[in-house]
Amino acid sequence: MKMGLRGRLFFSHLVVMIVGVASLVSISKISSPRLFVLHLERLQNRGFDLINIRTELVTGFELAWQRSTIWSVLVGTTAAGGLSYWMSRRIMQRLTEMEQITQKFAAGRMDARLPVSDIPELSGLSASFNRMAASLEGVEARRREVIGDMTHELRTPLTVVRGYLEELADGEIEASPEIYRRLAKETRRLERLVNDLQELSKAEAGYLPINIQRVNLRPLLESLVEKFTDQLLEDGPVLLLQCPSVLPFVLADVDRTEQVLVNLLGNAVRYTNEGSITISVRTEASQLWIAVVDTGIGIAPENLPHVFERFWRADQSRDRHSGGTGIGLTISRRLIELQGGQIQVESELGIGSRFRFFLPLA
Amino acid sequence: MDRTQLIDKLWGDNFFGDERVVDTHVARLRKKIEPDPANPTFIKTVVGVGYKFEDPLVA
C-alpha cells in the first residue's frame, strides 16, 4: 500500500530523529566514560586517593549515564514524535481542504475557490487553481448563454410555422400557395440559422477550413459592386468602389473574404436609405485595409462594443427579406481573424458607419 | 409572381435592399423587350399582387 503524504512526513521526521538520537547516544556512550576516567586520573594526580573506589565511581557514573540517557531518549523522542505528528497534520489539513474544494468544483459548484495559505507554495497552487476555475466558470456561463439565445432564435420561426399549420389543420385558414410560401420562408430562415450556428461553432473552435492563397481581390470587389448595385433603388444610396486599379496580392481565402464582404455590404444596404455606400481599399505597411463606409442610420455608442457579439441585432423587429440571424458579424470577425487580420467598426448615429478590416499582404 | 417571389428567385437569401427595386428592374426589362413599354404586352402588372409574364399569342 502506498504511503500517504502524512505518513511520509511523519516517517521522515522519525528517521531524522532516530539518526539524531542514535548519534547522540553512541557518541555519548563512547566519549563520556573516557572523559570521566580522564577526570579521575587528573584528580588522582592532584592527590586524591581514588584507587580503591575507582571501580565504584566508574560503575556509578555508567549507571547514572544509562539512566539519564534512557529517560532523555524516552522523553525526547516522545516530545519530538508528538511534535512531528502535529506538524504533519497541519500541513495535511491544508491539502485535505484544498482537495475538498477542488472536488466541490468538479461536482459543479463553479464558484468554489481555494483560500490563501500561509505556506507560499500552497498559496501559489491556490492562485493557479483559482485562475483556472474562474476561466472555466466563464466558459460555462457563456455556453449557457449561447444555448439560451439559440433556443430563443430557433423558437421564433417554429412558432410561426406551428401557428399556420394548426390553423390549417383546424380549417381556420385555407391552404394557398401564399401560405406554403410563407411556411417555406420560415423553414428556410431556420435552416439558415442552423447553418450559421454550425459555422460559428466551427469557426470559434478553429475547425473552419480556411484555404489561404495569394490572391488579387480586385475582381471580387468589382463583382460584388455589380451584384449589390442591382439591389439598390434609384433614389437610394449609391454604391462606390474606391480602389487602386492595381492591387497588391494578399494572403487570404477568397470565398471567406467574399462571405465577410457580403455580410458587411448586406448590412450597409439594409441600414442605409440614402447617400452612399463606399468600398474603399488602402495599403498600409504590410496590410491591405478594406473599409465599407455608409451614410446609414449608424450605431449608438452604447451598442458599438457589442456589435460583433452573437445574436446582437440593431433592430430586433426588422422583418426584411433576409432578416439577419444576428451572427453574421460574429462569423465575419472570426473569419477575418482566421485569415490573420482584424476587423473594426466606427459609427455615429444619424451619420453612418464604417466597418474596416485588414488582410496581410503576400 | 409577387415581388417577394421574384426576389427569392433572383437573389435567394442574399437580398438586403428594398423590395421596390424589383419595379426598377421590371421597368428596364420592359424598355428592352416591349415594343411599347408604356403599354406592356409581355410583362403585365397585376394590381395588388405583382407581375405576370404573358405570351400574347397564347393568352
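Look up a bit, the structure's there.
A brief report on the enclosed structure follows.

Thresholds applied
- Residues numbered from 1 in each chain as written.
- Chains lettered and ligands numbered in written order.
- Predicted model: local features only at pLDDT ≥ 70, side-chain atom pairs only at ≥ 80, totals over all residues.
- Heavy atoms only, no water.
- Core = buried A, V, L, I, M, F, W, Y, C linked by side-chain atoms within 4.5 Å.
- Buried < 20%, exposed > 50% of the residue type's maximum accessible area, 1.4 Å probe, protein only.
- Helix = DSSP H or I, 4+ residues; strand = E, 2+ residues; numbered from the N terminus.
- Contact = heavy atoms within 4.5 Å.
- Salt bridge = Lys/Arg side-chain N within 4 Å of Asp/Glu carboxyl O.
- Polar contact = N/O pair within 3.5 Å; in protein donor to acceptor, adjacent residues only side chain to side chain.
- Nonpolar A, V, L, I, M, F, W, Y, C, P; charged D, E, K, R; others polar.
- Axes fitted to C-alpha atoms, helices over the stretch in contact; angles between N-to-C directions.
- Parallel < 35°, antiparallel > 145°, perpendicular 65-115°, else oblique.
- Pairing = 2+ DSSP bridges.

Now for the nonpolar core. In terms of nonpolar packing, the biggest core is built from 46 residues, with Leu 217 and Phe 357 of chain A touching the most fellow members. The element best represented in this core is helix α6 (residues 254-271) of chain A, accounting for 7 residues. When near neighbours in sequence (up to four residues on either side) are disregarded, Phe 357 of chain A contacts Thr 257, Val 260, Leu 261, Leu 264, Leu 288, Trp 289, Ile 290, Ile 336, Gln 342 and Ile 343 of chain A. In this structure, Leu 233 of chain A together with Trp 11, Val 26 and Ile 43 of chain B belong to the second largest nonpolar core, which totals 10 residues.

Residues and elements named next belong to chain A. Inspection of the secondary structure assignment puts Gly 350 in the loop between β6 (342-348) and β7 (352-360). According to the relative accessible area criterion, Gly 350 is exposed, its value standing at 62%. Those residues in contact with Gly 350 that lie beyond four places of it in its chain are Gly 296, Ile 297 and Gly 298.

This part covers the interface of chain B and chain A. Across the contact, 19 residues belong to chain B and 18 residues belong to chain A. Put simply, Glu 234 of chain A and Arg 28 of chain B hold a salt bridge, and the shortest N to O gap is 3.8 Å. Inspection of the region where chain B meets chain A yields 1 residue pair in polar contact (both at pLDDT 80 or more). Here the side of chain B that touches chain A is composed, by residue class, of 5 nonpolar, 7 polar and 7 charged.

This paragraph deals with the packing of helix α2 (residues 54-106) of chain A against helix α3 (residues 120-170) of chain A. Residues and elements named next belong to chain A. Contact pair α2 / α3: the axes reach a minimum separation of 12 Å and the direction vectors enclose 5°. By the angle between their directions, the pair α2 and α3 is classed as roughly parallel. Residues Arg 94, Leu 95, Met 98, Thr 102 and Phe 105 of α2 pack against Leu 122, Leu 125, Ser 126, Phe 129, Ala 133 and Leu 136 of α3. Across the contact of α2 with α3, the residue classes break down as 8 nonpolar, 2 polar and 1 charged.

Residues and elements named next belong to chain A. As enumerated under the stated definition, the model contains 13 salt bridges over all chains in all. One salt bridge connects Arg 113 with Glu 137, and the closest N-O pair in it is separated by 2.7 Å. Residue Arg 113 is located in the loop between α2 and α3, and its partner Glu 137 is located in helix α3; the two are separated by 24 residues in the primary sequence. The salt bridge partner of Arg 354 is Glu 346, with a shortest N-O separation of 3.3 Å. According to the relative accessible area criterion, Glu 346 is partly exposed, its value standing at 40%. Residues joined in a network through salt bridges with shared partners are Arg 182, Glu 186 and Arg 189.

Moving on to the pairing of strand β1 (residues 43-46) of chain B. Residue and element names in this part refer to chain B. In the sheet, β1 pairs with strand β2 (residues 50-53) via 4 bridges, with the strands oriented antiparallel. Bridging from a neighbouring strand, Lys 44 pairs with Lys 52 of β2. Hairpin connection between β1 and β2: a loop of 3 residues separates the two successive antiparallel strands, and Gly 48 in this loop has a positive phi of roughly 80°.

Any functional reading would require information that these geometric values do not contain.
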